[in-house]
Amino acid sequence: MKFILFFLFLSCAKVSYVTKQGMGQVSLEWNARSNEKILADKMIDDEVKRKIKLVEKAKAYFYTYFDLPITDIYDETTILNSDAVTYLVIHSPKDKIKAIKTSFPIVGSFPYLGFFSKEDALNYKSKKVAEGYATYMRPVYAYSTLNQWIFDDNILSSFFHYSDENLVELIFHELVHTVFFVKDNVKFNENIAQFISEKLSLEYFKLSNDQIVENESKKNKIKELIMLINTLTTELKELYMKTDNPQSTLVVFNQKTFKPAIKAFCKDNQVRHCWPLRQVWNNARYAAIGTYEGSQNQIEEVYSSRRHTLKVFFNKLITTFENYNGEDKILTFLAKEI
């Protein structure tokens, strides 16, 4: 009955989208093989097998650490025909920085759409450009279905792009999504999953104090760079409110303000791979940064002030948010209730 109601409230375009993505998800499951069979297959590269074992170990650690019932997630592996599993597209008006949300019954609203087919993603992107929107598209190497499907998520060969440290953190991140997800709040969901996964990774790898300091220094530089971009984004938003020519405003801002500020930061902080300088920045790209970053410092403040262990904090998070009704701002609720 739930899925009948789901389709009744969808437009034809959304039905087509959901159908195609559903077929893509089914294909991932259909082409999956059990980890046991892949690990026994002499034709499979040893490095692939090592990565699969690492994912299994990280999964077991996550469920044991938080005393959660283990599931069948990541018990199978799908070898993809492409580097990415999906392609994400965000679109935004040209006169403001705002990711346009698409709403679906049951699962809520999302400031992006994901496509299993790169061709479908490019077609959707082209359609939004023709409609007058700014667009941003990127490959996605991992994602969670949030247990909305009848299948459990598989290990995907696209995971293996990551280093061991980043792969373990990724698995923790995606597992957080499967047990904790606040409807209609992508930014908070991403930030809390990243916060928990980073903290848990430190315990998983049992790093020395020197290693922790070095890792924190690197991550802090990345976070500071993101914070700088968010600050610059706010500045651009204010400029849009005062101009009748948003396109010209964007061009001048990128050349005169954004690039010099980013270049100076990377030079001062000895950031070798200054990735923002290698990208095209339009309203959709600026909106994408706002979608995934911005509240981890506030989460850290709540976590530190409560003096809970990570295990207690996360389990309180899961139980407390069962009562969240959306009336408070989500970080206000977190600070008040946890």
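Structure's up top.
Description of the structure in this document. None of the values given here were measured: they were computed from a predicted structure.

1. Notes on the packing of aromatic side chains
For any pair of aromatic rings, the description consists of the separation of the ring centres together with the inter-plane angle of the planes. Summed over the entire model, instances satisfying the criterion amount to 28 aromatic pairs. Each ring, one from F180 and one from F321, has its centre 5.3 Å from the other, and the planes form 80°; the classification is edge-to-face. Of the two residues, F180 is situated in the loop between α6 (164-179) and α7 (186-205) and F321 in the loop between α12 (310-320) and α13 (330-337); the sequence distance between them amounts to 141 residues. For F321, a relative accessible area of 9% translates into the label buried. Feature note: the residues Y61, F62, Y63, Y65, F66, F172, Y204, F205 and F314 constitute an aromatic cluster, connected by ring pairs. Positioned over the ring face of W281 is R285, at 4.6 Å from the centre of the ring.

2. Some words on empty space enclosed by the protein
Taken as a whole and judged by the stated rule, the model has 2 cavities of 30 Å³ or more. There is about 50 Å³ of room inside the largest cavity. Lining the largest cavity, in full, are Q25, L28, Y74, Y143, D153, N154, L156 and F159. Of the residues that constitute the lining of the largest cavity, the class distribution is 5 nonpolar, 2 polar and 1 charged. Of the pockets and cavities examined, the second largest cavity occupies roughly 30 Å³. Sorting elements by how many residues they give to the lining of the second largest cavity places strand β3 (residues 86-92) first, with 3 residues. Among the residues forming the lining of the second largest cavity, the class breakdown is 7 nonpolar, 2 polar and no charged.

3. Some details on the sheet that holds β3
Taking strand neighbours across the sheet as the criterion, the 3 strands line up as β6-β3-β7 in an open arrangement whose pairing is antiparallel. Of all strands in the sheet, those bounded by a partner on one side alone are β6 (113-115) and β7 (134-140). Pairwise comparison of adjacent strand axes, ignoring direction, gives a mean angle of 25° for this sheet. Where β3 meets β6, 3 bridges bridge the pair, whose relative direction is antiparallel. For Y87, the partnering residue across the bridge sits in β6 and is F115.

4. Structural notes on helix α9 (residues 246-268)
A rise of 1.5 Å per residue sets the reference length of α9, with its 23 residues, at 33 Å; its end C-alpha atoms lie 31 Å apart and thus fit the reference within 8%. The sharpest bend along α9 reaches about 45° and sits at N254. Looking one or two residues beyond α9, the residue adopting positive phi is Q270, at roughly 55°.

5. Digging into unusual backbone geometry
Positive phi values are uncommon outside glycine, yet K206 reaches one of about 50°. Mapping K206 onto the fold places it in the loop between α7 and α8 (209-240). Of note, Q270 is a non-glycine position whose phi angle comes to about 55°, a positive value. As for its placement among the helices and strands, Q270 is situated in the loop between α9 and α10 (283-292). The class of Q270 is exposed, set by a relative accessible area of 67%.

6. A short note on the sheet that holds strand β1 (residues 33-34)
Taken in spatial order, the 3 strands make up an open sheet running β1-β2-β8, and their pairing is mixed. Strand pairing shows two members of the sheet lacking a second neighbour, β1 and β8 (155-156), which therefore form its edges. With 2 bridges joining them, β1 and strand β2 (residues 76-78) adopt antiparallel strand pairing. Pairing of S34 across the sheet is with E76, part of β2.

7. Concerning the pairing of β3
Two faces belong to every sheet, and in a regular strand the side chains alternate between them. Counted residue by residue, β3 has 7 buried out of 7 residues, so it is predominantly covered. Across 7 bridges, β3 lies against β7 in antiparallel orientation. Looking at β7, one finds that V89 is bridged to M137.

8. Regarding the pattern of salt bridges
Scanning all chains against the criterion turns up 11 salt bridges. D67 is the partner of K311 in a salt bridge, and the nearest nitrogen-oxygen pair spans 2.4 Å. One end of the pair, K311, is in helix α12; the other, D67, is in the loop between α4 (46-65) and β2, with 244 residues separating them in the sequence. A salt bridge links E198 to K223, with the nearest nitrogen and oxygen atoms 3.3 Å apart. Here the residue E198 occupies a position in helix α7, and K223 occupies one in helix α8, the gap between them amounting to 25 residues. For E198, a relative accessible area of 12% corresponds to the buried category. Owing to a relative accessible area of 25%, K223 belongs among the partly exposed residues under this scheme. The network of salt bridges with common partners includes E47, R50, K51 and D164.

Rules used in this analysis
- Residues numbered from 1 in each chain as written.
- Predicted model: local features only at pLDDT ≥ 70, side-chain atom pairs only at ≥ 80, totals over all residues.
- Heavy atoms only, no water.
- Phe/Tyr/Trp six-rings, centres within 6.5 Å; stacked < 30°, edge-to-face > 60°.
- Helix = DSSP H or I, 4+ residues; strand = E, 2+ residues; numbered from the N terminus.
- Buried < 20%, exposed > 50% of the residue type's maximum accessible area, 1.4 Å probe, protein only.
- Lys NZ or Arg CZ within 6 Å of the ring centre and 35° of its normal.
- 1 Å grid on protein atoms, 1.4 Å probe; cavity = no way out; pocket = protein on both sides within 12 Å on 5 of 7 lines; lining within 4 Å.
- Points joined across faces, edges and corners; volume = space filled by probe spheres on them.
- Nonpolar A, V, L, I, M, F, W, Y, C, P; charged D, E, K, R; others polar.
- Pairing = 2+ DSSP bridges.
- Axes fitted to C-alpha atoms, helices over the stretch in contact; angles between N-to-C directions.
- Expected span 1.5 Å × (residues − 1).
- Bend = angle between axes of the 7 residues up to and from the residue.
- Salt bridge = Lys/Arg side-chain N within 4 Å of Asp/Glu carboxyl O.

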